[in-house]
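Each chain is listed here by its residues.
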Amino acid sequence: MKTRIYFGLLFLLCFSVQTRAQSITINYKGEPLNEILLDLNDQYGIQISVNASLANSCLISMNKEFDSMDLALTALAEACKLTMVKIGKVYTFRTKEVAKILDEDKARNKAPSPVLYLYQGVIVERSTEEPLPFTSLKLTDQSLISDENGRFSFRSTATKENVEFRSLGFEIVEAELSPGNNLIVTLTPKSVELSTIEVVGRRDEFSVTNVGAKAGYMQFNDINNSLIPGLSNNLIFNNLRLYPGIMAAGESIADFVIWGSYAGQNHVTYDGISLFNSWGINDDMGRVNPYMVKNVEVYKGGYSAAYGDRIGGVVLIDGKAGNPNQVDARASLTNQLGSAYLNVPMFKKTSTLQIAGRKTLFESFSLSAGFEEDTTLIVPKYNYSDLHLKFNTLFKNADRLEISTIFSKDDYQGQQNVGRQNDILQDVNVNSVQNGVSLKYVKNWNQGGLSSLIFSQSEYRPELTTNYFLDFNNTGEVRNLRSEIWTNPISEYRTKLTHSFAATRGNQLQISGELINNKTNFQSSDRGRLRDNSSEALSRISLYATDRIVFSPHFAIEAGLKADIPLNGSKTYFQPRLNGRFDLSKRWNVNFSWGIYNQFISRNAIIDEIDNRSDIWQVADGVNVPVLSSTHNVLGLGYQGKSFEFSAQAYYKLSSGFSRYALNRRGESQFIEGEAKAQGLDIFAKKQVNRHQFWVSYSLAKVEERFTERGRTSNYRPAPQNQRHELKAAAVFNFSPFKLSVTNVYGSGFDNRTIDRNRNLNNTYLRTDFVAQYQFDLKAFGVETGVSLLNIFNNENVRLNQSINVPDGGILNTVGIPFTPTIYANFRF
């Protein structure tokens, strides 16, 4: 035993002497730390771990001899303001901040936290570099969703991550990512049509849709590539009217009817700019130029705290970022409208400027000339013009700046005979201006996380002038009786800061703060008869936090809380919301949502003594005008296959805070407050056969309302937009280069009455549309030409909330779109 001890001591002594004898010489001049460490590795075979970027950024000049490798490496670390820590046989170099954290963990007898690597970047379309919003990222044990700018940010303990990227209408990409804060992932459209000239991103199918992936949700990518009747006039509504939950009957395109919503209850935005509905003006034209539209998202109800500022639905319209690689010019001409678009790359292909505009071809254009002889119908005439400008730039650090503007103006004119002998001619002239601008800065943080700051301003100025003339025995000789002028401008200013934290396994957290100011003004030459002139304003702070919690690859919920704080001293409005999805299989999912929603501007009705209705915008401050409130409950089932898509969604909504101002037959004005309930079922099925698509949608709905007047609450009765059944079908045939589509909508009819007078005013709706298009290329540009036929069978449909009662008890309805042929040509240079 003693012999063994002596031999052991002798061995340790010899080893110690040998170590001391082996000195380490460091002799380098202006060399990067990384090169020095590689050289020492070659000479002595030591194992080293160091961040390459840190090691390359530090230059060392040193000529010194050290007794041991530990002392030599410690000196090198100190020269670069780093800390050397030896773990086993591995020499690691860390910043002093990281080393301090590890030392604190060690002092608490805790194992060092695992290193989390940052994966952060943006997903873009390959050819145009357009960001792809709301792309799905599937990791090994979790799933994420990119934001509205196509950006993602998450942390992982893995030094490599295999990620599957899915974006609507694009090929699925599986990529192995390395850590970084400026990653770029490119996706390719599923089908691209090639020709003798380069046509970037042209698809040969209907716009790609996603229905049923989330509760109450629909997504449309590249909606401008869709082939539908009515092409360039109102692209958004012409598409959405063919899907369940959005009422096509009544053709209420000035304001969508989504799951039974009332006027002013849906929040429609374009690049963050709120678009106020057009008060019945220009019902055949949309405010947003189709050339500027990239992506449309629709939340019919039950949406999370991150979306919307109303109690109805949400329509988010995202404008294109533009192509920084090439000039893109397009033009469209129909027998009704001219439209043009130009995209110009700027500043060495880091920026783009887009310009688009439209103008009706005639000063007073009427789509409804075929019904002008019918004295029970109001045949409107109008003219319209708009201009869009958008500047977009991408900085070297992946930050992005967007400036977007919209200017639009329209004029509307309608005439009808009123009076007990039809001897009074009522001439209605309405003009409106919708202007808006937004400035958005998107920040990509190097340490992880994504922020966006947006300033937006929107203003809508409608003016209604009604002239009454006495028509002597209908001879054409008239005398001006009186004129009534209404103005009701509304404006909105928003400053919003949003930050999304880098997602971890199980959580995707986002917080936001926003300052909102709304102003309305009401002026009437008939002051005091229905409502006094007024001016109202309200500023409020809106805060929300939402966290997407992933329990497993098959089940996730999004819990959120929104709080609106009016600065007039009234109460804080808390709005909790919950959304969830459970994947039953790879194709089937169950989705659900619940939430409370408030609205601080409202479009309220003014009703005269013969029940004619006019709507005015007001600030709902909770003091003079009630704050609107609603509770949404949604449950859905969805299936998404390669060529077949199906969804079924049921909803139930309770809403309150509706305001009306009524004038009774004694000339007394009174305030009425009401509430409503809406319930229904949406069913959607879509099938793709080769390059052709077919779908059908069905909506079962019931919308009822009741009002409290002088302390008495009435029973529930059908609301004006109440329609029990609506069935829609569409077929899109692609025999490239020839394409055609046929759509049909049947509605069982809506009540279309403001006050219940025990009259059956049910208006059945039926409309069949058709479009055919041929595509070819000339030497310098591509051409798409075709014909669109609206209301082929010329059915007499009426518009919702645009009827007039006359003193003799009759009703004048505003006519819907009649048989309307449109010849068009689209050019791409």
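Residues numbered from 1 in each chain as written. Predicted model: local features only at pLDDT ≥ 70, side-chain atom pairs only at ≥ 80, totals over all residues. Heavy atoms only, no water.

Visitor: Sorry, what's going on with the state of the cysteines here?
Guide: Such a bond, covalent and formed between the sulfur atoms of two cysteines, is termed a disulfide. Counting across every chain of the model gives 1 disulfide. Between the sulfur of Cys58 and that of Cys80 lies a disulfide, 1.9 Å long from S to S. Torsion about the S-S bond of the Cys58 and Cys80 cystine: about -90 degrees, corresponding to left-handed handedness. In this pair, Cys58 is assigned in the loop between α3 (52–56) and β3 (59–66) and Cys80 in the loop between α4 (69–79) and β4 (82–87), connecting sequence segments 22 residues apart. Both residues of the pair, Cys58 and Cys80, belong to the buried class. (Disulfide = S-S within 2.5 Å. Helix = DSSP H or I, 4+ residues; strand = E, 2+ residues; numbered from the N terminus. Buried < 20%, exposed > 50% of the residue type's maximum accessible area, 1.4 Å probe, protein only.)

Visitor: Would you mind going over the environment of Leu439 with me for this structure?
Guide: Take Leu439: it is sitting in strand β25 (residues 424–444). Of the residues examined, Leu439 reaches a relative accessible area of 33% and is grouped as partly exposed. Sequence separation between Leu439 and Thr495 is 56 residues; the distance between their C-alpha atoms is 9.7 Å. Ignoring sequence-local partners within four residues, the contact set of Leu439 consists of Leu401, Glu402, Ile403, Leu453, Ile454 and Phe455. (Contact = heavy atoms within 4.5 Å.)

Visitor: Explain the nonpolar core here, please?
Guide: In globular proteins that are soluble, nonpolar side chains generally tend to be buried together. In terms of nonpolar packing, the biggest core is built from 39 residues, with Leu240, Tyr243, Phe256, Val296, Val298, Val315 and Ile317 touching the most fellow members. Broken down by secondary-structure element, the contributors of at least two residues to this core are β14 (217–221), α6 (235–240), β15 (267–270), β17 (293–299), β18 (314–319), β42 (725–735), β43 (738–750) and β46 (798–805). When neighbours within four sequence positions are excluded, Leu240 is seen to be in contact with Phe220, Ile246, Phe256, Val298 and Val315. (Core = buried A, V, L, I, M, F, W, Y, C linked by side-chain atoms within 4.5 Å.)

Visitor: Explanation requested: the confidence of the model for the protein chain in the structure shown.
Guide: With 80% of its residues at a pLDDT of at least 70, the protein chain reaches an overall mean of 81. The secondary structure element of the protein chain with the lowest average pLDDT is helix α1 (residues 2–21), at 38, and the one with the highest is strand β28 (residues 490–500), at 96. A low-confidence stretch, residues 1–21 stays under pLDDT 50, and its non-local contacts, those more than four residues away or across chains, total 1 contact. Across residues 192–206 the pLDDT falls below 50, and counting only partners more than four positions away or on other chains, this stretch makes 53 contacts in the model. (pLDDT = per-residue confidence, 0-100.)

Visitor: Mind showing me how you'd approach the side chain of Ser534 here?
Guide: Structurally, the position occupied by Ser534 is in strand β30 (residues 534–552). When near neighbours in sequence (up to four residues on either side) are disregarded, Ser534 contacts Thr520, Asn521 and Phe522.

Visitor: I would appreciate a short explanation of the environment of Asn295 in the present structure.
Guide: Structurally, Asn295 can be placed in strand β17. Sequence separation of Asn295 and Leu132 is 163 residues, and the distance between their C-alpha atoms is 8.8 Å. Beyond its immediate sequence surroundings of up to four residues, Asn295 is in contact with Pro133, Phe134, Gln219, Phe220, Asn221, Leu316, Ile317 and Asp318. Of note is the side chain of Asn295, whose polar atom sits 3.5 Å from the side chain of Gln219. (Polar contact = N/O pair within 3.5 Å; in protein donor to acceptor, adjacent residues only side chain to side chain.)

Visitor: Would you explain the sheet that holds strand β10 (residues 161–166) in this entry?
Guide: In any sheet, the strands associate via hydrogen bonds between backbone groups, in a parallel or an antiparallel arrangement. Read from one edge to the other, the open sheet built from 4 strands follows the order β8-β7-β10-β11, with strand pairing classed as antiparallel. This sheet does not close on itself; its edge strands, each paired only once, are β8 (143–145) and β11 (173–177). Ignoring strand direction, the axes of neighbouring strands in this sheet form an average angle of 25 degrees. When strand β7 (residues 136–138) meets β10, the two strands line up antiparallel, connected through 3 bridges. Counted as the bridge partner of Ser136 is Arg166 from β10. (Pairing = 2+ DSSP bridges. Axes fitted to C-alpha atoms, helices over the stretch in contact; angles between N-to-C directions.)

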